Amino acid sequence: MNIFVALKQTFDTEEKIVVENGSVKEDGVRFVLNPYDEYAVEEAIKLRDELGGQVTVVTVGPERAQEALRTALAMGADEAVHITDEALLGDEYKVSNVLASYFKDKEFDIILTGNQAVDSGSGQTAVRLAELLNIAHISTITKLEINGTDVVAHRDAEGDLEVVGAKLPLLVTCQQGLNDPRYPSLIGIRKANKKPLETPSAGDLGVDASLASKASVKETFLPAAKSAGRILEGDNGQRVTELVNLLKNEAKVL
Amino acid sequence: MSRNVLVLADLRNGGLRNVTFEALSAAKKLAEGGSVYAAILTGSGAAAHADALAQYGAQKVFVVENAALENYVPDAYAKALEAVINESKANVVFLAHSAIGRDLAPKLAARFGAGAVSDIIGVEVDGGNLTFTRPIYAGKAFTKNVVEGDLVFATVRPNNLEKSEPEAGKTAEVVNVSVELPADSLRTFIKEVVKKSTGGVDLSEAKIIVSGGRGVKSADGFKPLQELADVLGAAVGASRGACDADYCDYALQIGQTGKVVTPDLYIACGISGAIQHLAGMSNSKVIVAINKDPEAPIFKVADYGIVGDLFDIVPLLTEELKKALA
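Fair warning: this is a prediction, and the values are worked out from it, not measured in the lab. Residues take numbers from 1 onward in each chain, read along the sequence in its written order. A letter from A marks each chain and a number from 1 marks each ligand, given out in the order of writing. At least 70 in pLDDT is required for a residue's local features to be given in this predicted model, at least 80 for side-chain atom pairs to be given and counted, and no such filter applies to totals for whole chains, interfaces and linings, which use all residues. Each side-chain value is derived from all of the structure's non-hydrogen atoms; neither hydrogens nor water enter the calculation.

**Side note on the interface of chain B and chain A**
Residue-level contacts link 89 residues of chain B with 78 residues of chain A. Each reported salt bridge corresponds to a side-chain nitrogen of Lys or Arg within 4 Å of a carboxyl oxygen of Asp or Glu. At the junction of chain B and chain A, the tally comes to seven salt bridges. The partner of Lys-107 of chain B in a salt bridge is Glu-131 of chain A, and the shortest N-O contact between them spans 2.9 Å. Whenever two N or O atoms come within 3.5 Å, that pair is a polar contact, provided that in protein one can donate a hydrogen and the other can accept it, and provided that, for residues adjacent in sequence, both atoms are side-chain atoms. The tally of links between chain B and chain A comes to 43 residue pairs in polar contact (both at pLDDT 80 or more). We call two residues contacting when some pair of their heavy atoms lies within 4.5 Å.

Below, the structure is given as structure tokens:
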């Protein structure tokens, strides 16, 4: 099987966000493989180990993003592709078109991604990619079974579960609960660090030079700081009575 | 600059969700002389919703009724909404940031070669352009975005855009749009739907959420939280800690991985308040924290805090509320 994972490097979810000069400060931030993409990488490796074939991981991102590819290689992916040409970075419209250019001459059976990135949280790029490649997709999956070219997936639809059937080739986006991503082994990490990455340019990919983002950010800001509220005092009965009174008469949320 | 704004009705279990009315209310402000339309894609029963959509501002309601739309199937829904967008000459398409909308918006945006902005919590007209406000890093920060092009898609986060008063008695012209959706043109199909959502209150739309963390200690430990939720008409949520420990389903998870929620009242029980969890709930209007540890970070964002054992406090609170709300 030709298995591909499209992934993104994101901030560690432990990071605080600092806005400086109108944009999110990246200095000193710990970057990780997007947590939802970890499920995609894990599932890809499991599929390969079960059905044979190869796992190729692909990202569109700046220089630092190669660390996320190396994490995926260390987990067990076979090949990694880093599209890092600055002219190709941009919004979901642009990045999905860049990825579509990469895939247009590839033979693939399945493409896996996270269902969203924990930074932008848009969840657009993967679904756009499936549409541009003219293949079906199933999003937010929590289970995946492949038999020949028949696929059955469980889709998390806001808490309800849809059992969805489809055929390969297919794109799926992965949701928490799909699997438990493995930790890279030391040997895996050592091998991954030596592995050459493929780094195609805009010209190699045949991306139209006029391709430009549709959406742009005008302003980035932090929410108003929330000050600590009131800790209620007294015995349990008194505190509960006071709380109900406050919710009713001060906060007016009951 | 006038624009036609189309709102896709978000149906769940046969009912219109509030977010649809919130999006229509915003659409009225943005149209600037253009038209406000609604679309209903469904297997059957669309007519029942037309008046409600009209009362929140829809001038026309485009209806695609087809057995293939009984459940959400991306190929079917995309073809149906594509037909409505073409028929209505929409410039802005609002969908809910829901299981359907967040999947359908990027698919159609790609089909039309259009830009899209996801999970918006605000929108304004600024010198002829629309500016959309949305969270990044699950609400640790926000951006204002503009999108180029004469067709723009946006998905709307529930509970954030202001809902206007419905105009009683108002009706809209219903335009039936017919779309061929033969089974062999649909590349995915639903084999089964398992309803797992408990209690009936929808976490992403809930006005009140009662949420449990590791302090709940077991699946059984969620019972007093459910009882409190029942009294309040609230939804039950959880922290990642509670989900990882298998006390509850991942569908309940609130945080940077999981759902981001902004209810009027969020009651955190036995949740310490890790930064990933805070990202998912700290924009709630009023936060109550109940935790044994006075140093727990949840108290830093809570409006009202009770330091104590949730298994003592929550049942007392349930009883007190029963009296207060009776």
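**A look at the nonpolar core**
One finds Leu-112 and Leu-144 of chain A together with Leu-6, Leu-81, Leu-104 and Phe-153 of chain B to be the most contacted residues of the largest nonpolar core, which totals 76 residues. Once you skip the residues sitting within four places of it in the chain, Phe-153 of chain B turns out to touch Ile-85, Val-93, Leu-95, Ala-105, Leu-108, Ala-109, Phe-112, Ala-114, Gly-115, Ala-116 and Val-117 of chain B. Buried residues of nine kinds, namely Ala, Val, Leu, Ile, Met, Phe, Trp, Tyr and Cys, make up a nonpolar core once their side-chain atoms join them within 4.5 Å. Burial here depends on accessible area, computed with a 1.4 Å probe over protein chains only, as a share of the maximum for the residue type. Under 20% is buried, over 50% is exposed, and the range in between is partly exposed. Core analysis: the next-biggest nonpolar cluster, separate from the first, contains 38 residues, Val-5, Ala-23, Ala-96 and Leu-161 of chain B among them.

**Quick look at the UniProt feature "domain: Electron transfer flavoprotein alpha/beta-subunit N-terminal" (unreviewed entry) in chain A**
The feature "domain: Electron transfer flavoprotein alpha/beta-subunit N-terminal" (unreviewed entry), as given by UniProt, occupies residues 21-209 of chain A in the numbering adopted here. When the span residues 21-209 of chain A is considered, its composition is 32% helix and 29% strand, and the gap between its end C-alpha atoms is 30 Å. UniProt positions are given in the numbering used here, feature names are shortened, and annotations may be inferred rather than shown by experiment. Secondary structure is summarised from DSSP: a helix means a run of H or I of at least four residues, a strand means a run of E of at least two, and numbering begins at the N terminus for each.

**Considerations on the pairing of strand 17 (residues 286-291) of chain B**
Residue and element names in this part refer to chain B. By the criterion of burial, strand 17 is predominantly enclosed, with six of the six residues buried. Residues Val-286, Val-288 and Ile-290 of strand 17 are buried on one face, and the alternating residues Ile-287, Ala-289 and Asn-291, pointing to the opposite face, are buried as well. With five bridges connecting them, strand 16 (residues 265-269) and strand 17 associate as parallel partners. Looking at strand 17, one finds that Ile-267 is bridged to Val-288. The handedness of the strand 16 to strand 17 crossover, carried by helix 7 (residues 275-281), is right-handed. For two strands to be treated as a pair, DSSP must find no fewer than two bridges joining them. For strand 17 and strand 18 (residues 304-307), the ladder comprises four bridges, and the chain directions are parallel. From the neighbouring strand, Ala-289 faces strand 18, where its bridge partner is Gly-305. Consider the strands pointing away from the viewer: the crossover is right-handed when the path from the first strand over the helix to the second runs clockwise.

**Observations regarding the domain arrangement of chain B**
As a measure of interface size, the accessible area lost when the parts come together is often cited. Residue and element names in this part refer to chain B. Those domain boundaries reflect an automatic or database domain assignment. Considered domain by domain, chain B is made up of domain 1 (5-185) and domain 2 (203-325). Defined here as a combined quantity, buried area equals the accessible surface (1.4 Å probe) lost by two parts on assembly, summed across both. Buried surface at the junction of domain 1 and domain 2, summed over both partners, amounts to about 1100 Å²; 40% is from carbon and sulfur atoms. On the domain 1 side of the interface with domain 2, the three residues burying the most area are Ala-138, Lys-140 and Asn-159, jointly 51% of the side's total. One can count zero salt bridges joining domain 1 with domain 2. Asp, Glu, Lys and Arg are counted as charged, while Ala, Val, Leu, Ile, Met, Phe, Trp, Tyr, Cys and Pro are counted as nonpolar; the rest, among them Gly, fall into the polar class. Class assignment of the residues belonging to the side of domain 1 that touches domain 2 gives a composition of five nonpolar, four polar and three charged.

**Digging into the domain arrangement of chain A**
Domain assignment breaks chain A into domain 1 (2-205) and domain 2 (226-254). The centre of domain 1 of chain A, based on its C-alpha atoms, is set 46 Å off from the matching centre of domain 2 of chain A.

**Let's talk about the pattern of salt bridges**
Scanning the entire structure with this criterion turns up 37 salt bridges over all chains. A salt bridge links Asp-49 of chain A to Arg-48 of chain A; the shortest N-O distance between them is 3.1 Å. Between Lys-144 of chain B and Glu-124 of chain B there is a salt bridge, with its nearest N and O atoms 3.6 Å apart. Taken together, the residues Lys-144 of chain B in strand 10 (residues 141-147) and Glu-124 of chain B in strand 8 (residues 122-126) connect sequence positions 20 residues apart. Its relative accessible area of 17% is what places Lys-144 of chain B among the buried residues. With a relative accessible area of 36%, Glu-124 of chain B lands in the partly exposed category. Members of the salt-bridge network, linked through shared partners, are Glu-158 and Asp-160 of chain A together with Asp-10, Arg-12, Arg-17, Lys-195 and Asp-202 of chain B.

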